[in-house]
Amino acid sequence: MTTKKAKLLKGLFTGIVFGFLLQKGGVTQYNVIVGQLRLADFTVVKIIITAIITGMVGIYFLRDKNLIELSPKNKSPLQVIPGGLLFGIGFAVLGYCPGTIVGAMGQGSLDALLPGLAGILIGSALYANFHQKFSGLINKGKFSQATLPEKLNINHWKIIFPVVAILISVLIIIELYGF
Amino acid sequence: MEIFRQSQWSPYIVGFAIGVLSWLSFLISRKALGTSTSFARTSGMIRKKYNPELVLELKYYQKYTPEIDWQWMLVLGIFIGSFISAQLSGQFELSFLPATDFPSVLNQNFLGRIFSALFGGILVGFGARWAGGCTSGHGISGTMQLSISSWLAAISFFLGGIITALLIY
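Residues numbered from 1 in each chain as written. Chains lettered and ligands numbered in written order. Predicted model: local features only at pLDDT ≥ 70, side-chain atom pairs only at ≥ 80, totals over all residues. Heavy atoms only, no water.

**Comments concerning helix 6 (residues 110–138) of chain A**
Rule in force here: Put simply, DSSP H or I for four residues or longer makes a helix, DSSP E for two residues or longer makes a strand, and each gets a number counted from the N terminus. For a helix, the expected span equals 1.5 Å multiplied by the residue count minus one. The angle separating two fitted axes, one through the seven residues that finish at a residue and one through the seven that start at it, defines the bend at that residue.
The end-to-end C-alpha distance of helix 6 of chain A, which contains 29 residues, comes to just 35 Å, noticeably less than the 42 Å that a straight helix rising 1.5 Å per residue would cover. A bend of about 60° at A:Gln132 is the largest found in helix 6 of chain A.

**A short note on the nonpolar core**
Let me state the cut-off plainly: Think of a nonpolar core as a cluster: buried Ala, Val, Leu, Ile, Met, Phe, Trp, Tyr and Cys residues, connected wherever their side-chain atoms sit within 4.5 Å. Burial classes: relative accessible area under 20% of the type maximum marks a residue as buried, over 50% as exposed, and values in between as partly exposed (1.4 Å probe, protein chains only). We call two residues in contact whenever any of their non-hydrogen atoms come within 4.5 Å of each other.
With 72 residues, the main nonpolar core has A:Phe18, A:Met56, A:Phe87, A:Ile101 and B:Ile18 as its most contacted residues. The element contributing the most residues to this core is helix 3 (residues 43–64) of chain A, with twelve residues. Among residues more than four places away in sequence, those in contact with A:Phe18 are B:Ile18, B:Leu21, B:Leu33, B:Leu74, B:Ile78 and B:Ser136.

**With respect to the side chain of A:Thr14**
Tracing the backbone through its elements, the reader meets A:Thr14 in helix 1 (residues 3–25). Leaving out residues up to four positions away in the same chain, A:Thr14 has contacts with B:Leu21, B:Ser25, B:Ser29, B:Leu33, B:Trp70 and B:Leu74.

**Quick look at the interface of chain A and chain B**
For clarity, the cut-off: Note on definitions: buried area is the accessible-area loss of two parts on being combined, 1.4 Å probe, summed for both. Between Lys or Arg on one side and Asp or Glu on the other, a salt bridge is scored when a side-chain nitrogen of the former is within 4 Å of a carboxyl oxygen of the latter. Polar contact criterion, stated in full: a pair of N or O atoms within 3.5 Å, where within protein one must be able to donate a hydrogen and the other to accept it, and residues adjacent in sequence count only if both atoms are side-chain atoms. Note on residue classes: Ala, Val, Leu, Ile, Met, Phe, Trp, Tyr, Cys and Pro are nonpolar, Asp, Glu, Lys and Arg are charged, and everything else, Gly too, is polar.
Facing the 118 residues of chain A at the interface are 122 residues of chain B. Between chain A and chain B the total buried area reaches about 10500 Å² when both faces are included, carbon and sulfur atoms providing 73% of it. Counting the surface chain A buries against chain B, the share from its top three residues, A:Phe18, A:Lys24 and A:Arg38, is 7%. At the surface where chain A touches chain B, the tally comes to one salt bridge. Close ionic contact of B:Arg113 with A:Asp111 constitutes a salt bridge, the shortest N to O distance being 2.8 Å. For the interface between chain A and chain B, the tally reads 43 residue pairs in polar contact (both at pLDDT 80 or more). Elements supplying a minimum of two residues to the side of chain A that touches chain B: helix 1, helix 2 (30–37), helix 3, helix 4 (77–94), helix 5 (98–106), helix 6, helix 7 (148–152) and helix 8 (157–176) of chain A. Of the residues forming the side of chain A that touches chain B, the biggest block, 22 residues, is contributed by helix 6 of chain A. Of the residues contributing to the side of chain A that touches chain B, the split by class is 66 nonpolar, 40 polar and twelve charged.

**Quick notes on the state of the cysteines**
The following threshold applies: We call a pair of cysteine sulfur atoms a disulfide whenever their separation is within 2.5 Å.
Taken as a whole and judged by the stated rule, the model has zero disulfides over all chains. Distance from the sulfur of A:Cys97, which forms no disulfide, to the nearest cysteine sulfur (B:Cys134) is 6.2 Å. Among the residues examined, A:Cys97 registers a relative accessible area of 6% and is labelled buried.

**Examining the confidence of the model for chain B**
Applicable threshold: Values of pLDDT, the confidence the predictor places in each residue, fall between 0 and 100.
Across chain B, the average pLDDT comes to 97, with 100% of residues at or above 70. Interface predicted TM-score (ipTM) for the complex: 0.97; the corresponding pTM is 0.97.

**Remarks on the packing of aromatic side chains**
Keep this limit in mind: Note on aromatic contacts: the rings of Phe and Tyr and the six-membered ring of Trp form a pair at centre separations within 6.5 Å, being stacked when their planes are under 30 degrees apart, edge-to-face when over 60 apart, and tilted otherwise. Charge-over-ring placement is defined geometrically: NZ (Lys) or CZ (Arg) within 6 Å of the ring centre, and within 35 degrees of the ring normal.
Evaluated as defined, the whole model comprises 20 aromatic pairs over all chains. Residues A:Tyr30 and A:Tyr96 carry aromatic rings whose centres are separated by 6.3 Å and whose planes lie at 65° to one another, so their mutual orientation is edge-to-face. Taken as a pair, A:Tyr30 in helix 2 and A:Tyr96 in the loop between helix 4 and helix 5 lie far apart in primary sequence, 66 residues in all. In terms of burial, A:Tyr30 and A:Tyr96 fall into one category: buried. A network of ring pairs unites the aromatic residues A:Tyr127, A:Phe130, A:Phe134, B:Tyr60, B:Tyr61, B:Tyr64, B:Phe126 and B:Trp130 as a single cluster. A cation sits over an aromatic face here: B:Arg129 above B:Tyr64, 5.2 Å from the ring centre.

What follows is the structure, encoded as structure tokens:
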């Protein structure tokens, strides 16, 4: 088997596990996503925060052991803030995001498969044209360093421990208030 | 295995497992979990059929070439994995109007749902590519790597989403 084929198979296998977990978590359901954004059901936030805590501790440990290399995104605020807000509006109107919409298709949601998928593809295509004109402008002002510990020039565990403490506190508050 | 037939797992178990999956993804594939780039590549594959000269000309498709890569296969895998999970729990069901506690013309009317899914999808696709990632690439993979821009993106996703959902439903 060629390395290219092996790489594609690894992606497929990772995706099967990811899709299985998203469906079991309930986040492939429109109602769970809209419920989160209406602040009525905190399933999405609970999954994301737990994944961040688990992932962060593990990947920084693996990197300290030189077993993996990180690839943190470094985008400019003019990309992530306006792009992120537009995404958020669409997230609420569509009721899925790019990963969960594919999971929704897998469980038989035809609104995801037909108009939803068409919409995301049209939006992505429109962005390719937008990028042609405005990429110079919106790429300006990237951070000098991609990650917070690099930017502050301190050991990453000095950031990870407080971040984990804050995220666990958020989960405890969510549970205490019964969401 | 009874657990695979359950319709819903605890969000903490699912979140923990996604965290572990992200370790494995870095270890095995040297990649972070993400999905939205694949929609950009797919849009390029479709446009190539109709207007190959334009696709060659657009810088975006030089950066994100219209081809099937690791992440594209991951997205295909999400479809298969979710299908398997829904089959095992008996939740697989063809439906167009989503079941919801927040009924509105946007989700309980056929034309309304075509509009909301298409229009919402356009904003999601455009916004994700503008932000350079989505709920998985920025919201999970980027935040766990402590990327400053990913934290800003994740906050923006939920801020935009929460305000909109509170207004429209």
